[in-house]
Amino acid sequence: MRYLSATDIQTLFPMAAAIEADKEALALYSAQKAKIPLRTNIDIPEYQGQSLYMPGYIQGNQPALGLKIVSVYPNNPQMHLPSVPATMVTLDPQTGQVSALLEGTFLTQLRTGAVQGAATQLLANPHVQKALLIGAGGQAMSQLEAMLTVRSLQEVYIFDRDVDQAHNFCHQASVKFAHQFPTHLIVVDDPNQVVAQVGLITTVTTAKQPTFDGNLVQPGTHINGVGAYTPQMCELPVSVLQRAQSIICDTVDGVLAEAGDIIQPLQAQTLTRQAITGELGQIINQTLPGRQNEKDITVFKTVGTAALDTLVAARIVQQAQKQNVGTIFGENK
């Protein structure tokens with residue numbers, strides 16, 4: 001069995017590879033070649049914790065089998081431990097034997113950034129030059145990297161409610177990507193100052209109210225709603241959903257069950273079910289058209305699926321085996 005740290009994963013699997021793996025996973029999911037059971041949640045009340053188990057099996061020429069374990073322990077930082085530790089387990093689909101353990105927090109950041117990158121690659125106007133990133137938290141770096149990987153952006157505006165965090169993020173990102181992307185990062189005090197100037201918006205927060213004014217969005221803009229993943233959260237303004245020519249999901253079932261951005265306006269009858277166009281995997285499979293016109297407003301909504309974790313992890317492990325990267329346990333003698 002092989003263990004792969006966050007550093008191992010970064011060495012093995014660049015964002016461009018993760019985007020292609022996510023596209024493969026969503027294409028197979030939309031073709032009904034993925035088995036993704038409901039997530040199992042176990043409460044641990046005596047330690048104020050919760051443990052979540054997300055299995056998945058992906059069919060295809062190179063099948064993938066795995067299980068992501070995520071725990072939520074708010075008191076962990078008091079013991080200098082992460083509050084949301086995560087581990088990915090991959091198994092050999094042919095034998096059922098565990099093949100690897102992967103550090104799950106970075107894996108989640110990678111595949112979440114990559115799925116937005118896939119949507120941006122397929123739906124944003126090819127020559128978009130300016131973008132807005134709302135939210136400078138733990139997911140933001142991979143979101144920025146994904147946007148920069150698929151589009152040659154001249155400027156990216158950064159907004160976070162914590163201005164110091166936004167400036168710190170810009171500094172870290174400028175250092176990290178200095179030799180890779182010649183993009184100017186600019187902190188703004190209010191996202192609505194620049195919404196009308198950009199052709200690409202990614203919002204990755206846990207907000208319960210829309211993070212920008214949808215009436216300011218210009219024709220041709222592509223919007224990614226990444227952060228809201230419960231029925232109570234909502235980042236996307238209903239005004240922009242009503243104006244959108246297409247609303248694309250990572251998985252329709254997941255979005256309709258978990259995404260407050262979509263659930264709330266459906267319940268309020270300010271959005272119809274018919275407004276949900278379909279899944280990104282259908283566009284990849286060419287069973288659904290993507291952007292039809294350079295003036296279209298397109299929206300991508302993701303809540304995540306174990307299909308992404310399972311397939312991305314499997315492809316990372318394949319690379320690790322080829323390059324002999326990682327720490328080996330229980331090697332046969």
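A. Representation of the overall build of the chain in the model. Per the secondary structure count, the chain includes 10 helices and 16 strands. Taking 2.2 N^0.38 as the reference for a compact globule, 333 residues should give roughly 20 Å; the C-alpha atoms of the chain span a radius of gyration of 20 Å, in line with that estimate. Burial statistics for the chain: of 333 residues in total, 52% are counted as buried. Across the chain, the fraction of contacts at a sequence separation of at least 24, relative to all contacts at a separation of at least 6, is 70%. Only carbon and sulfur atoms are counted for the fraction: they give 49% of the accessible area of the chain, which is about 15600 Å². Distance between charge centroids for the chain: 6 Å, based on 20 positive and 26 negative side chains.

B. Representation of the packing of helix α2 (residues 15–30) against helix α10 (residues 306–323) in the model. Where α2 meets α10, the closest approach of the two axes is 9 Å, and the angle between their N-to-C directions is 130°. Taken together, the axes of α2 and α10 are oblique relative to one another. Judged by the twist between their axes, the crossing of α2 over α10 is right-handed. Residues A18, A21, D22, E24, A25, L26, L28 and Y29 of α2 lie in contact with α10, whose contacting residues are A307, L308, L311, V312 and R315. Class assignment for the residues of the contact of α2 with α10 results in 10 nonpolar, no polar and 3 charged.

C. Representation of helix α3 (residues 104–123) within the structure. An ideal rise of 1.5 Å per residue puts 28 Å on 20 residues; α3 measures up with 28 Å between its terminal C-alpha atoms. Burial analysis of α3 places 16 of its 20 residues in the buried class, which makes it a mostly covered element. A side-chain oxygen of the first residue of α3 lies 3.2 Å from the backbone nitrogen of T105; this N-cap is E103.

D. Focus on α10. Taking 1.5 Å per residue, 18 residues should reach 26 Å; α10 reaches 26 Å between its end C-alpha atoms and fits that length. Counting buried residues along α10, 13 of its 18 residues qualify, which places the element largely inside the surrounding structure. N324 sits one or two residues past α10 and shows a positive phi near 55°.

E. Local environment of the environment of V89. Considering the arrangement of structural elements, one finds V89 in strand β6 (residues 86–91). Owing to a relative accessible area of 13%, V89 belongs among the buried residues under this scheme. On a C-alpha basis, the gap between V89 and Y3 in space is 9.5 Å, while along the polypeptide they are 86 residues apart. V89 has contacts with L65, G66, L67, I69, V98, A100 and L101, leaving out every residue within four places of it along the chain.

F. Structural view of the nonpolar core. Within the largest apolar cluster, 43 residues are counted, with the highest numbers of intra-cluster contacts made by L4, F13, L102, L110, L280 and I316. Of all the secondary-structure elements, those providing two or more residues to this core are α1 (6–12), α2, β7 (98–103), α3, α4 (140–150), α9 (280–284) and α10. Looking at this core, the element that brings in the most residues is α10, giving 9 residues. Those residues in contact with L110, other than ones at most four positions away along the chain, are I9, F13, M15, A18 and I316. Counting 27 residues, the second largest nonpolar core, distinct from the first, contains V195, V240, A244 and V255.

G. Highlighting the side chain of T108. Considering the arrangement of structural elements, one finds T108 in helix α3. Here T108 falls in the buried class, since its relative accessible area comes to 16%. Within the local environment of T108, its side chain forms a polar contact with the side chain of K68, the two groups lying 2.8 Å apart. Once you skip the residues sitting within four places of it in the chain, T108 turns out to touch K68, Q139 and D309.

H. Seen up close, a nonpolar patch on the surface. A grouping of M1, V98 and F329 is seen on the molecular surface, where their side chains present a nonpolar patch of about 250 Å² in accessible area. Mapped onto the secondary structure, M1 falls in the segment before β1 (2–4).

I. The arrangement of the packing of α2 against α3 in detail. One can describe the packing of α2 onto α3 by two numbers: an axis separation of 8 Å at closest approach and a directional angle of 75°. When the axis of α2 is compared with that of α3, the two are roughly perpendicular. Contact residues: M15, A18, I19, E20, D22, K23 and L26 in α2; L110, R111, G113, A114, V115, G117, A118 and Q121 in α3. Partitioned by chemical class, the residues of the contact of α2 with α3 number 8 nonpolar, 3 polar and 4 charged.

J. Spotlight on the sheet that holds strand β9 (residues 155–159). Taken in spatial order, the 8 strands line up as β10-β9-β8-β11-β12-β15-β13-β14 in an open sheet, and their pairing is parallel. The open sheet is flanked by β10 (184–187) and β14 (276–279), the only strands paired with a single partner. In this sheet, neighbouring strand axes are inclined to one another by 20° on average, regardless of whether the strands run parallel or antiparallel. Inspection of the sheet shows strand β13 (residues 246–249) paired to β14 by 3 bridges, in the parallel sense. Its bridge partner being in β14, I248 is matched across the sheet by G278. Strand contacts of α4: β8 (130–134), β9, β10 and β11 (200–203), with the helix running at about 165° to β8, the strand carrying the most contacts. Across the sheet, helix α5 (residues 163–176) touches β8, β9 and β10, and the angle it forms with β10 is around 170°.

K. Representation of the pairing of strand β15 (residues 298–301) in the model. Neither face of β15 is open: one carries T298 and F300, the other V299 and K301, and all of them are buried. In this structure, strand β12 (residues 222–225) lies alongside β15, joined through 4 bridges in parallel fashion. Within β15, the position partnered with G225 by the bridge is K301. Bridge analysis of β13 against β15 gives 4 bridges, and the strand direction is parallel. Paired with C249 across the bridge in β15 is K301.

Cut-offs applied
Residues numbered from 1 in each chain as written. Predicted model: local features only at pLDDT ≥ 70, side-chain atom pairs only at ≥ 80, totals over all residues. Heavy atoms only, no water. Helix = DSSP H or I, 4+ residues; strand = E, 2+ residues; numbered from the N terminus. Rg over C-alpha atoms; globule rule 2.2 N^0.38 Å. Buried < 20%, exposed > 50% of the residue type's maximum accessible area, 1.4 Å probe, protein only. Contact = heavy atoms within 4.5 Å. Areas by Shrake-Rupley, 256 points an atom, 1.4 Å probe, with all protein chains shown as cover. Lys, Arg positive; Asp, Glu negative; His and termini not counted. Charge placed at Lys NZ, Arg CZ, Asp CG, Glu CD. Axes fitted to C-alpha atoms, helices over the stretch in contact; angles between N-to-C directions. Parallel < 35°, antiparallel > 145°, perpendicular 65-115°, else oblique. Left-handed = near helix turned anticlockwise from the far one by under 90°. Nonpolar A, V, L, I, M, F, W, Y, C, P; charged D, E, K, R; others polar. Expected span 1.5 Å × (residues − 1). Polar contact = N/O pair within 3.5 Å; in protein donor to acceptor, adjacent residues only side chain to side chain. Core = buried A, V, L, I, M, F, W, Y, C linked by side-chain atoms within 4.5 Å. Patch = residues over 30% accessible without salt bridge, like charges linked within 9 Å, V, L, I, M, F, W, Y side chains within 5 Å. Salt bridge = Lys/Arg side-chain N within 4 Å of Asp/Glu carboxyl O. Pairing = 2+ DSSP bridges.

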